[in-house]
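Summary of the model geometry
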Amino acid sequence: QTFADQAVIAIENVRLFTELGIRNLDLTTALEQKSATAEVLRVIAGSPTDTQPVFDLVAQRAGVLCKAEVAVVSRYDGATIELAAIDGLAPEAIRIVRGLYPLDVRTETVTSRVIRHAEVVHVPDVMHDTDYAAKDLARAAQYRAALGVPIMRNGKVIGTIFVGRATPGPFSDSQVDLLQTFADQAVIAIDNVRLF
């Protein structure tokens, strides 16, 4: 009888999710994203005087949840862009990324565009973007689609979160929202360190 009652609950859940247009994959993705943001908050609480563990975790979780081959967190001091964290890169690509930094804000990369325009930059295929200057990096890191989100504090860009994926095409709205949430959490970590 208990199993029969549970079967009715399962059938009702499927019917409701179908009516709402929610697939199991969507629900799983939403739960993974919530879990990741909670994990970042725990790391922030556990390292109030050091942003590095937060940046490392943000890069790692952003890469995984955006199904990206590369994820990079950068900091911007108003003059130059500094590397804060890298995840998912092959050794050759890491060498190339490190060689780009400190990055000039005038360079035609997704990261520099995010900083110059203070907004999300979404490039479905960097190989078809005639202005994109980091095509060697894209080849080495094996990404085609790129997404960059600003880390904003008091209306000014203080960094970016970048992800690059091998498959060309747009990232989903939920992935953009996730990176924006991570960016907000990065600001919390930076402010905590400053206050301490």
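Throughout, residues of each chain are indexed from 1 in the direction in which the sequence is written. Only residues with pLDDT of at least 70 are given local features in this predicted model, and only at 80 or more are side-chain atom pairs given and counted; all residues enter the totals for whole chains, interfaces and linings. As a rule here, side-chain values come from all non-hydrogen atoms in the structure, and water together with hydrogens is ignored.

Some details on the sheet that holds strand 2 (residues 80–87)
Think of it this way: DSSP has to see at least two bridges between two strands before they count as a pair. Only DSSP runs of H or I reaching four residues or more are called helices, and only runs of E reaching two or more are called strands; each is numbered from the N terminus. Strands sit in the order 3-2-1-6-5-4 across an open sheet of six strands; the sheet is antiparallel. Across the chains shown, the open sheet's two edge strands, defined by having one partner strand only, are strand 3 (103–104) and strand 4 (121–123). In terms of strand pairing, strand 2 meets strand 3 through two bridges, oriented antiparallel. Its bridge partner lying in strand 3, I81 is registered against L103. The contact criterion used is simple: two residues touch if any of their non-hydrogen atoms lie within 4.5 Å. Axis angles are defined between N-to-C directions and span 0 to 180 degrees, where every axis is a line fitted to C-alpha atoms and, for a helix, only to the segment in contact. Seen against the sheet, helix 3 (residues 52–65) touches strand 1 (70–76), strand 2 and strand 6 (156–165) and runs at an angle of roughly 65° to strand 2. Together, strand 1, strand 5 (145–153) and strand 6 form the strand contacts of helix 7 (residues 173–195), whose direction differs from that of strand 5 by roughly 35°.

Section: the pattern of salt bridges
Note that side chains of opposite charge can pair when their charged atoms are close. By salt bridge we mean one thing: a side-chain nitrogen of Lys or Arg within 4 Å of a carboxyl oxygen of Asp or Glu. Under the definition given, this model contains seven salt bridges. Ionic pairing is found between R116 and E108, a salt bridge with its closest N-O pair at 2.8 Å. Accessibility expressed as a relative area gives 33% for R116, which makes it partly exposed. Between R153 and D191 there is a salt bridge, and its shortest N-O distance comes to 2.4 Å. Residue R153 is found in strand 5, and its partner D191 is found in helix 7; the two are separated by 38 residues along the sequence. Think of it in three bands: residues with accessible area under 20% of the maximum for their type are buried, residues over 50% are exposed, and the middle band is partly exposed, with areas taken using a 1.4 Å probe on protein chains only. Owing to a relative accessible area of 22%, R153 belongs among the partly exposed residues under this scheme. Salt bridges sharing common partners tie together E108, R113, R116 and D129.

What about the environment of A166?
Mapped onto the secondary structure, A166 falls in the loop between strand 6 and helix 7. Exposure remark for A166: the relative accessible area of 34% places this residue in the partly exposed category. Here A166 is in contact with E69, Q142, Y143 and R144, once residues within four sequence places are set aside.

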